[in-house]
Amino acid sequence: MGDKLRLSVGILGNGASLLLYTAPVLTFSRVFKKKSTEEFSCFPYVMTLFNCLIYTWYGLPIVSHCWENFPLVTINGVGIVLESIFIFVYFCYASPKEKIKVGVIFVPVIVVFGLTTAISAVVFDDHRHRKSFVGSVGLVASISMYGSPLIVMKKVIETKSVEYMPFYLSFFSFLASSLWLAYGLLSHDLFLASPNMVGTPLGILQLIIFFKYKNKEPPITTTVVSKWDEEKNKSELKLVVDADHDGNDNEKKFVNACYFA
């Protein structure tokens, strides 16, 4: 009965994680449309990739005993593919400054993962010590993944707008962490349960902040632009109003302010 319940929770955790990993599709459809990453951060996607890499390795027979953590391998394997695609798309449409940020975060993640696999496979010769080592790294990876939205939450509080913190991402993060917490407890696996003890409260915090600010309108951005009119031989001042904060010139409203000779 206990094994069946654990497997059932693992399957539900897989479903919730799949929803979590596919939730950014909505964000990247916007990136495709506007051909810009705007103010979205790449940090959550890189940290999610890091988490998926570590826990895929953790679930493989070389670390875990046989296929006792098979659900981890399946869903995190899918997560690796999805997050890699998201990071690639982000990199393609990011500004030069943001591309540097992606590299600064992405390269250390790959290096740490490579060292983790090498050390666990070569230095340790039994499953118990390998699980302890990889699980410790996974603990850091999971907390980094669940904590990454804190960057966005800070922006939400400052701007009083949830534009860059999608509801589905927050909800599925809470749902997935809750189910994997249950799976870890049923498996008596501290390395699976511990990070989700952090992830679940953070997911709740994201939802609280979302519902607090979801109906609040962000302040309208206005900019004064000076332009020389060759025909009238005058300098024209225009008030640029970006009401929807999307940076799209075609949707900005221009109001003539005054002319100077």
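None of the values given here were measured: they were computed from a predicted structure. Along each chain, numbering runs from 1 in the same order as the chain's sequence is written. Thresholds applied to this predicted model are a pLDDT of at least 70 for local features of residues and 80 or more for the giving and counting of side-chain atom pairs; totals over whole chains, interfaces and linings are not thresholded and use all residues. With hydrogens and water excluded, all non-hydrogen atoms of the structure serve as input to the side-chain values.

1. Quick look at the overall build of the chain
Phase 1 of the analysis: Helix and strand counts for the chain stand at nine helices and three strands.
Phase 2 of the analysis: For the chain, the N- to C-terminal ordering of α and β elements is α-α-α-α-α-α-α-α-α-β-β-β.
Phase 3 of the analysis: Each residue is assigned to one of three classes by its accessible area relative to the maximum for its type, calculated with a 1.4 Å probe on protein chains only: buried under 20%, partly exposed between the two thresholds, exposed over 50%. Residues counted as buried form 43% of the 261 residues belonging to the chain.
Phase 4 of the analysis: By definition, residues are in contact when any of their heavy atoms lie within 4.5 Å. Across the chain, the fraction of contacts at a sequence separation of at least 24, relative to all contacts at a separation of at least 6, is 67%. Every helix listed is a DSSP run of H or I at least four residues long, and every strand listed is a run of E at least two residues long, numbered separately from the N terminus.

2. Quick word on the nonpolar core
Phase 1 of the analysis: Throughout, nonpolar core names a set of buried Ala, Val, Leu, Ile, Met, Phe, Trp, Tyr and Cys residues whose side chains join them through atoms within 4.5 Å. Membership of the largest hydrophobic core comes to 46 residues, with the highest contact counts inside it found for Phe 28, Ile 54, Tyr 58 and Tyr 90.
Phase 2 of the analysis: Elements with a contribution of two residues or more to this core: helix H1 (2-22), helix H2 (24-34), helix H3 (43-59), helix H4 (70-93), helix H5 (96-122), helix H6 (127-147), helix H8 (167-186) and helix H9 (190-213).
Phase 3 of the analysis: It is H3 that contributes the most residues to this core, eleven residues altogether.
Phase 4 of the analysis: For Phe 28, the residues in contact, after removing those within four places along its chain, are Tyr 45, Phe 86, Val 89 and Tyr 90.
Phase 5 of the analysis: Counting residues in hydrophobic clusters, the runner-up holds eight residues, among them Val 152, Met 153, Val 156 and Phe 210.

3. Quick look at the confidence of the model for the chain
Phase 1 of the analysis: Chain-level pLDDT for the chain is 82 on average; 82% of the residues reach the 70-or-more range.
Phase 2 of the analysis: Known as pLDDT, the predictor's per-residue confidence is scaled from 0 to 100. The weakest mean pLDDT in the chain belongs to strand E3 (residues 253-260) at 42; the strongest belongs to H5 at 94.
Phase 3 of the analysis: Scored below 50 in pLDDT, residues 246-261 shows 34 contacts in the model against residues more than four places distant or in partner chains.

4. Some remarks on the packing of H3 against H5
Phase 1 of the analysis: Lines fitted to C-alpha atoms define the axes, with helix axes restricted to the stretch in contact, and inter-axis angles between N-to-C directions lie between 0 and 180 degrees. Running from N to C, H3 and H5 point in directions that differ by 10°, and their axes come no closer than 10 Å. When the axis of H3 is compared with that of H5, the two are roughly parallel. Contacts between H3 and H5 involve Phe 43, Val 46, Met 47, Leu 49, Phe 50, Leu 53, Ile 54 and Trp 57 from the first element and Ile 105, Phe 106, Val 109, Ile 110, Val 112, Phe 113, Thr 116, Thr 117, Ser 120 and Ala 121 from the second. Orientation categories follow fixed angle ranges, with anything under 35 degrees roughly parallel, anything over 145 roughly antiparallel, 65 to 115 roughly perpendicular, and all other angles oblique.

5. A short note on the pattern of salt bridges
Phase 1 of the analysis: We define a salt bridge as a side-chain nitrogen of Lys or Arg found within 4 Å of a carboxyl oxygen belonging to Asp or Glu. Applying the stated rule across the entire model yields five salt bridges.
Phase 2 of the analysis: In this structure, the salt-bridge partner of Arg 30 is Glu 38, at a minimum N-O distance of 2.6 Å. Like Glu 38, Arg 30 is buried.
Phase 3 of the analysis: Linking Lys 131 and Glu 68 is a salt bridge whose minimum nitrogen-to-oxygen distance equals 3.1 Å. Remark: Glu 68 occurs in the loop between H3 and H4 and Lys 131 occurs in helix H6; sequence separation between them is 63 residues.
Phase 4 of the analysis: Taking the relative accessible area as the measure of exposure, Lys 131 reaches 18% and is therefore buried.
Phase 5 of the analysis: For Glu 68, a relative accessible area of 29% translates into the label partly exposed.

6. Description of a nonpolar patch on the surface
Phase 1 of the analysis: Residues Val 107, Val 111, Leu 115, Ile 119, Val 122 and Val 123 make up a contiguous nonpolar surface patch of roughly 540 Å² in combined accessible area.
Phase 2 of the analysis: Within the secondary structure, Leu 115 sits in helix H5. Residues with no salt bridge and a relative accessible area higher than 30% make up the patches, which join like charges within 9 Å and nonpolar side chains (Val, Leu, Ile, Met, Phe, Trp, Tyr) within 5 Å. We get accessible surface area from the Shrake-Rupley algorithm with a probe of 1.4 Å; when it comes to residues, only the shown protein chains can shield them.

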